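# Secondary and tertiary structure notes
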Amino acid sequence: MIALILEKQAWTQPICVERDTLAVLDGHHRLMAAMQLGLTRVPVRLYDYAAVQLSSWRADVMPTREEVLGRGLSGSLFPPKTTRHIFAHEERSEIALRSLV
């Protein structure tokens, strides 16, 4: 992730955040990369969670919105590739990395 960001010298996909709690719904790896790069800002998109489709990549787990938010706020995240969020299509844009430092 860091190598891709540095190669483009741009941020190309905002982190998806629940608007009321500010819990990260999608973009945990991007957020970690931003912290390791020492960025002081990152692009985010705020979502009304009721408008986001929630499913699971795993057949044996079906998390609820309450579980996702609770785990996100406590830091006790589901294992990778457990939750799957489907967001309304948004146009992509590139933000120069130098503007995020």
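Here's what I pulled together on the structure shown here. Just so it is clear, the structure is predicted and the values come from calculations on it, not from any experiment.

## So, the pairing of strand 2 (residues 15–18)
A two-sided burial pattern is seen for strand 2, the buried positions comprising I15 and V17 on one face and C16 and E18 on the other. Judged from the four bridges that link them, strand 2 and strand 4 (residues 44–47) form a sheet pairing that is parallel. Of the residues in strand 4, the one forming a bridge with E18 is Y47. In terms of strand pairing, strand 2 meets strand 3 (residues 24–26) through two bridges, oriented antiparallel. For V17, the partnering residue across the bridge sits in strand 3 and is V24. Here strand 2 folds back onto strand 3, and the loop between the two strands holds five residues, one of which, L22, carries a positive phi near 65°.

## Looking at the pattern of salt bridges
Note that side chains of opposite charge can pair when their charged atoms are close. Considering all chains together, one arrives at six salt bridges under this definition. Across the pair D26 and R30 runs a salt bridge whose closest N-O atoms are separated by 3.0 Å. For R45, the salt bridge identified is with E90, shortest N-O distance 3.7 Å. Taken together, the positions of R45 in strand 4 and E90 in the loop between strand 6 (83–86) and strand 7 (95–96) put the pair 45 residues apart, joining distant regions of the chain. Taking the relative accessible area as the measure of exposure, R45 reaches 21% and is therefore partly exposed.

## Notes on the sheet that holds strand 4
In space, the three strands of this open sheet follow the order 3-2-4, with mixed pairing throughout. In the strand order of this sheet, the two ends are held by strand 3 and strand 4, each with one partner. Strand-to-strand twist across the sheet, computed as the mean angle between neighbouring axes with direction ignored, equals 40°. Its contacts with the sheet put helix 2 (residues 28–37) on strand 2 and strand 3, and the angle it makes with strand 3 is roughly 115°.

Analysis parameters
Residues numbered from 1 in each chain as written. Predicted model: local features only at pLDDT ≥ 70, side-chain atom pairs only at ≥ 80, totals over all residues. Heavy atoms only, no water. Buried < 20%, exposed > 50% of the residue type's maximum accessible area, 1.4 Å probe, protein only. Helix = DSSP H or I, 4+ residues; strand = E, 2+ residues; numbered from the N terminus. Pairing = 2+ DSSP bridges. Salt bridge = Lys/Arg side-chain N within 4 Å of Asp/Glu carboxyl O. Axes fitted to C-alpha atoms, helices over the stretch in contact; angles between N-to-C directions. Contact = heavy atoms within 4.5 Å.

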